[in-house]
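These are the residues of each chain, in order.
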Amino acid sequence: MGSCWTKYLTGEVDDHDHHNVELASGNVHLITTIESWETKLSEANSDGKIVVANFSAPWCNPCKSIAPSYIEIADKHPSIIFLTVDVDELTELSTSWGINATPTFFFLKEGRTIDKLVGANKEELQKKAAAVTDLTIKSQ
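The chain has the name Thioredoxin in an unreviewed UniProt entry, where Parasponia andersonii is given as its organism.

See the structure below:
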């Protein structure tokens, strides 16, 4: 499970853990400002789309390991908006969402949490994405 956020807060992660990792690509949008977060949530609400928000960090090993799978899942579900929130860039937002570990995935509909996953569990992430895709199809 991803306890990277806790390690970062306690100083257990050093600067050598910062590696250039691709956290966003294709159907995954990297969120580094409150404005971009609000814009994407607003777009999702107006389009009736579900959002998957991945609270992540580029230095977090579980985050780096799940990133390619997250991108792959996002590309398979174009009806969902996939976001990656950089917890270092948006500490206030991350704190307001109660992020205690990375990665943490929130599944949102109309700005409200409909599901949540903590940790880099690819199979569970795939199941939850498929389940919310079914919700999207049924509500259309």
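Text resumes after the structure shown.
Novice: Describe the pattern of salt bridges, naming the residues involved and giving the relevant values.
Specialist: Scanning the entire structure with this criterion turns up five salt bridges. Measuring nitrogen to oxygen at the nearest pair gives 3.1 Å for the salt bridge that ties Arg-112 to Glu-110. By relative accessible area, which is 53% here, Arg-112 ends up exposed. Accessibility expressed as a relative area gives 48% for Glu-110, which makes it partly exposed. Between Asp-115 and Lys-128 there is a salt bridge whose closest N-O contact spans 2.9 Å. Note that Asp-115 is positioned in strand S5 (residues 112-118) and Lys-128 in helix H5 (residues 122-139), a separation of 13 residues in sequence. Classification of Asp-115 as partly exposed rests on a relative accessible area of 25%. Residue class for Lys-128 comes out buried when judged on its relative accessible area of 14%.

Novice: Describe in detail the environment of Ala-57, supporting the description with residues and values.
Specialist: With respect to the helices and strands, Ala-57 occurs in the loop between strand S2 (50-56) and helix H3 (61-76). Overall, the relative accessible area of 0% leaves Ala-57 in the buried class. Residues Ala-57 and Pro-103 lie 46 residues apart in sequence; the distance between their C-alpha atoms is 7.6 Å.

Reading the values: the criteria
Residues numbered from 1 in each chain as written. Predicted model: local features only at pLDDT ≥ 70, side-chain atom pairs only at ≥ 80, totals over all residues. Heavy atoms only, no water. Salt bridge = Lys/Arg side-chain N within 4 Å of Asp/Glu carboxyl O. Buried < 20%, exposed > 50% of the residue type's maximum accessible area, 1.4 Å probe, protein only. Helix = DSSP H or I, 4+ residues; strand = E, 2+ residues; numbered from the N terminus.

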